[in-house]
2 protein chains.
Amino acid sequence: MEQVFSCGTSPIVGLRFSLHPMADNFIEIIKGALREADTSNVWMHTDDVSTVMRGKQIHVFDTVRAIVLYAAKTGAHVAFNGTFSIGCPGDSAGDVFLEKDDILLNEPQIREIKQYVSSQFALYPMNNPDYMSVIYTEVARAKEHGVFNESMHYASGLHGDIHQVFTFLEESFTHARSDQYKHLVMTVNMSINSPSHKGDA
Amino acid sequence: MEQVFSCGTSPIVGLRFSLHPMADNFIEIIKGALREADTSNVWMHTDDVSTVMRGKQIHVFDTVRAIVLYAAKTGAHVAFNGTFSIGCPGDSAGDVFLEKDDILLNEPQIREIKQYVSSQFALYPMNNPDYMSVIYTEVARAKEHGVFNESMHYASGLHGDIHQVFTFLEESFTHARSDQYKHLVMTVNMSINSPSHKGDA
Ligand SMILES: [Ca+2]
């Protein structure tokens, strides 16, 4: 932890996530989803708690959407927990994946997969005195996108078509940061194929 | 979202969490843990993605520790994901549980349960220009407590006896906020009984 306390200028996006299939064959479901998704546009490392993925924003969102969808289409009840991050001070290492082109490797294969999701997200714009208005603006954006579900303590509920939810999340992650306030964190929880969904599409 | 943008002065602590047993009988494990824990000192509400718990800090930590331990002792591979929060602007409703006394209802029943945990945590001290040094101080504290595992992108790894990890987390959550910077968020992920733990106690 001897980093210089300087503000990161790298546009690299990071995501630390876990996928939790609530089924005895959870290993098979996780490994199958990771195998089926094309992860070649991002750097990934898995430990015993979570997986970290780093790269261009478009590829991080494309890759994680594919991983979640491939786990979902097994029909298992799957939970996704992720923390997206950009602009973390000191976070400028491993930027080689920023040289990838902008062609999405997963989107053509996954765009037709239908999946309902119930989700909760929270934004943490760091060191921004106006952070609450940033959050309220993004909640209003969720309503415009038609994916807002409900207000709640410590998060906002989203639901609907999983592609629309991911599109909103990526757009929100783009808008909730600025040149002045570069360090943004967004947490996302998703519940898929849950026996307790009420608003299932 | 029509709240006044004022700073919350309530000392109420909130936790939004999910418990994910990676087993076919996940409902039984979750319901069993919630039944076995004494939750009478906190307010709780469950939806289809997560559960929110609010109350005095000591009771929130006591109650969630019990819920996690009762799920863990089934032997199932269980993941815990939680966001602790205090001082969120506008967050002053439902404070009735702050009138509870300080007697821990779960600690006497759970203190002897042995459990290894591998965990990752992150602190988000909101609107605090000095937030990175707050984070580094808390990582140093994890080392002093003997629960630090490793540095990583977007989180810090903790592991060891689950009681020691929870004790550190509660102490860190206390120290990473101040009268000046009241709004603090702490995310915690835990992996229990995982087939991929390397440092199992
Ligand atoms: Ca109970």
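What you see is a predicted model; the values in this text were computed from it and never measured. (Residues numbered from 1 in each chain as written. Chains lettered and ligands numbered in written order. Predicted model: local features only at pLDDT ≥ 70, side-chain atom pairs only at ≥ 80, totals over all residues. Heavy atoms only, no water.)

A. Seen up close, helix α5 (residues 162-175) of chain A. All names here are of chain A. The first and last C-alpha atoms of α5 sit 20 Å apart over 14 residues, in line with the 20 Å expected at 1.5 Å per residue. Looking at α5, one finds that the buried residues are Ile162, His163, Val165, Phe166, Phe168, Leu169, Glu170, Ser172 and Phe173. One side-chain oxygen at the N-terminal end of α5 lies 3.1 Å from the backbone nitrogen of His163; it belongs to Asp161. (Helix = DSSP H or I, 4+ residues; strand = E, 2+ residues; numbered from the N terminus. Expected span 1.5 Å × (residues − 1). Buried < 20%, exposed > 50% of the residue type's maximum accessible area, 1.4 Å probe, protein only. Polar contact = N/O pair within 3.5 Å; in protein donor to acceptor, adjacent residues only side chain to side chain.)

B. Examining the side chain of Ser172(A) more closely. All names here are of chain A. With respect to the helices, strands and loops of the structure, Ser172 is situated in helix α5. Among the polar contacts listed, one links the side chain of Ser172 to the side chain of Glu138, at a separation of 2.9 Å. Apart from the residues lying within four places of it in its own chain, the contact partners of Ser172 are Phe121, Leu123, Glu138 and Arg141. (Contact = heavy atoms within 4.5 Å.)

C. Region of interest: the UniProt feature "domain: Thiamin/hydroxymethyl pyrimidine-binding YkoF putative" (unreviewed entry) in chain A. Mapped onto this structure's residue numbering, the UniProt feature "domain: Thiamin/hydroxymethyl pyrimidine-binding YkoF putative" (unreviewed entry) falls at residues 13-91 and 118-196 of chain A. Along residues 118-196 of chain A the backbone is 35% helical and 37% strand, and the end-to-end C-alpha distance reaches 10 Å. (UniProt positions renumbered as here; feature names shortened; annotations may be inferred.)

D. Inspection of the coordination of the calcium ion at higher detail. With distances of 2.5 to 3.0 Å, the protein atoms coordinating the calcium ion are Leu34(B) (O), Arg35(B) (O) and Ala37(B) (O). Judged by its relative accessible area of 26%, Leu34(B) is partly exposed. (Donors = N, O, S within 2.8 Å, 3.2 Å for Na, K, Ca; no water.)

E. Structural view of the interface of chain B and chain A. Taken together, the contact pairs 58 residues of chain B with 58 residues of chain A. For the pairing of chain B and chain A, the buried interface totals around 5,000 Å² over both sides, and the portion due to carbon and sulfur atoms is 63%. At the surface where chain B touches chain A, the tally comes to zero salt bridges. By residue class, the composition of the side of chain B that touches chain A is 27 nonpolar, 23 polar and eight charged. (Buried area = accessible area lost by both parts, 1.4 Å probe. Salt bridge = Lys/Arg side-chain N within 4 Å of Asp/Glu carboxyl O. Nonpolar A, V, L, I, M, F, W, Y, C, P; charged D, E, K, R; others polar.)

F. The arrangement of the pairing of strand β7 (residues 155-161) of chain A in detail. All names here are of chain A. In terms of residue burial, β7 counts as a mostly covered element, since five of its seven residues are buried. Where strand β5 (residues 116-125) lies against β7, six bridges are found, and the strand directions are antiparallel. Each bridged residue has a counterpart across the sheet, and for Ser118 the counterpart in β7 is His159. Counting the residues that bridge the hairpin from strand β6 (residues 148-152) to β7 gives two residues, and of these Tyr154 lies at a positive phi of roughly 70°. (Pairing = 2+ DSSP bridges.)

G. Representation of unusual backbone geometry in the model. A positive phi angle is found at Tyr154(A), which is not glycine, with a value near 70°. With respect to the helices and strands, the residue Tyr154(A) is situated in the loop between β6 and β7. Although it is not a glycine, Asn127(B) adopts a positive phi angle of roughly 55°. Topologically, Asn127(B) is positioned in the loop between β5 (116-125) and α4 (131-144). By relative accessible area, Asn127(B) is classed as partly exposed at 28%.

H. Structural detail: the side chain of His77(B). If you trace the backbone, His77(B) turns up in the loop between α2 (57-72) and β4 (78-86). Judged by its relative accessible area of 11%, His77(B) falls in the buried class. Among the polar contacts listed, one links the side chain of His77(B) to the backbone oxygen of Ile192(B), at a separation of 2.9 Å. Setting aside residues up to four positions removed in sequence, His77(B) forms contacts with Phe26(A), His20(B), Pro21(B), Met22(B), Ser191(B), Ile192(B), Asn193(B), Ser194(B) and Pro195(B).

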